[in-house]
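# Analysis of the macromolecular model
Single-letter residue listing:
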Amino acid sequence: MKKISFRFLTYEELCNLNIHSFNRCGHITLDDAQAHGTSERDYNTFIKRCERTLKDIKKNGYLETSVLIIAKCKEDGKIYLIEGQGRRGAIILGVNQGKLNVEAHSLNTIPCFMYDDELSYEDIGKKIEEHNIKKASP
């Protein structure tokens with residue numbers, strides 16, 4: 001088992017997380033999603049999920065137990081999101097739409113787990129697959 005550490009992300013770091021090609025849509029704009037091979041239907045499904053999550057965040061705040069999972073890629077040095085694209089999308093949409101305020105909603109301290117060792121791009125894809133497919137109830 002690979003070692004992970006707990007840390008907090010700022011809103012800027014959250015926005016700068018990269019979406020792996022194995023992930024379902026995690027892009028905030030339709031143009032960006034389509035540029036990465038996502039259909040308009042899949043994009044719209046993602047945005048609807050983000051909007052539901054945004055509604056929860058506005059009502060209840062961002063739960064400190066809603067931990068994202070991230071890893072740094074040893075090939076390109078970028079930080080990739082393994083788990084939490086809907087929460088990330090909800091926060092960015094909320095801020096972009098003026099529905100969330102970063103400071104008022106404590107969005108400069110987003111909890112996450114980060115793999116201590118850098119992972120290959122392929123291994124990041126495998127971690128995404130493990131997290132999303134190998135659950136008892138996917």
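The following refers to the structure shown. (Residues numbered from 1 in each chain as written. Predicted model: local features only at pLDDT ≥ 70, side-chain atom pairs only at ≥ 80, totals over all residues. Heavy atoms only, no water.)

Before going further, it helps to spend a moment on the overall build of the protein. Each helix and strand in the protein was counted, giving 5 helices and 5 strands. Secondary structure elements of the protein, listed N to C terminal, follow the sequence β-α-β-α-α-β-β-α-β-α. Taken against the 2.2 N^0.38 rule, which gives 14 Å for 138 residues, the C-alpha radius of gyration of the protein at 15 Å falls within 12% of a compact globule. Expressed along its principal axes, the backbone C-alpha trace of the protein runs to roughly 40 × 35 × 30 Å. (Helix = DSSP H or I, 4+ residues; strand = E, 2+ residues; numbered from the N terminus. Rg over C-alpha atoms; globule rule 2.2 N^0.38 Å.)

This part is about the packing of helix α3 (residues 40-60) against helix α4 (residues 85-96). The interhelical angle for the contact between α3 and α4, taken along N-to-C directions, is 75°, at an axis separation of 8 Å. Compared by their axis directions, α3 and α4 come out roughly perpendicular. Each of F46, I47, R49, C50, T53, L54 and I57 in α3 lies in contact with α4, whose residues at this interface are Q85, G86, R87, G89, A90, I91, L93 and G94. Broken down by class, the residue content of the contact of α3 with α4 amounts to 8 nonpolar, 5 polar and 2 charged. (Axes fitted to C-alpha atoms, helices over the stretch in contact; angles between N-to-C directions. Parallel < 35°, antiparallel > 145°, perpendicular 65-115°, else oblique. Contact = heavy atoms within 4.5 Å. Nonpolar A, V, L, I, M, F, W, Y, C, P; charged D, E, K, R; others polar.)

We now examine the layout of surface pockets. In this structure, the largest pocket spans a volume of roughly 170 Å³. Along the wall of the largest pocket there are 13 residues; nearest its centre are H20, S21, N23, H36 and T38. Of the residues assigned to the lining of the largest pocket, the class counts are 3 nonpolar, 8 polar and 2 charged. (1 Å grid on protein atoms, 1.4 Å probe; cavity = no way out; pocket = protein on both sides within 12 Å on 5 of 7 lines; lining within 4 Å. Points joined across faces, edges and corners; volume = space filled by probe spheres on them.)

Examined against the element boundaries, G89 turns out to sit in helix α4. By relative accessible area, which is 0% here, G89 ends up buried. Measuring from C-alpha to C-alpha, the distance between G89 and R49 comes to 8.9 Å, with 40 residues separating the pair along the chain. The residues contacting G89, other than those within four sequence positions of it, are I28, F46 and C50. (Buried < 20%, exposed > 50% of the residue type's maximum accessible area, 1.4 Å probe, protein only.)

On inspection of all chains with the given rule, the structure shows 6 salt bridges. Close ionic contact of E118 with K72 constitutes a salt bridge, the shortest N to O distance being 3.8 Å. Of this pair, E118 sits in the loop between β5 (110-115) and α5 (121-133) while K72 sits in strand β3 (residues 68-72), and the two are 46 residues apart along the sequence. A relative accessible area of 30% places K72 in the partly exposed class. Ionic pairing is found between E122 and K126, a salt bridge with its closest N-O pair at 3.4 Å. Taken together, the residues span about one helical turn, with E122 and K126 both in helix α5 at a distance of 4 residues. (Salt bridge = Lys/Arg side-chain N within 4 Å of Asp/Glu carboxyl O.)

Counting 28 residues, the largest nonpolar core has L9, L14, L68, I91 and I110 as the members making the most contacts within it. At the level of secondary structure, the elements contributing two or more residues to this core comprise α1 (11-16), α3, β3, α4 and β5. Broken down by element, this core gets its largest block of residues, 6 residues, from α3. What I91 contacts, discounting residues up to four positions off in sequence, is Y11, L14, I57, Y62, L100, L107 and I110. Within the second largest apolar cluster, 9 residues are counted, among which are I69, Y115, L119 and I128. (Core = buried A, V, L, I, M, F, W, Y, C linked by side-chain atoms within 4.5 Å.)

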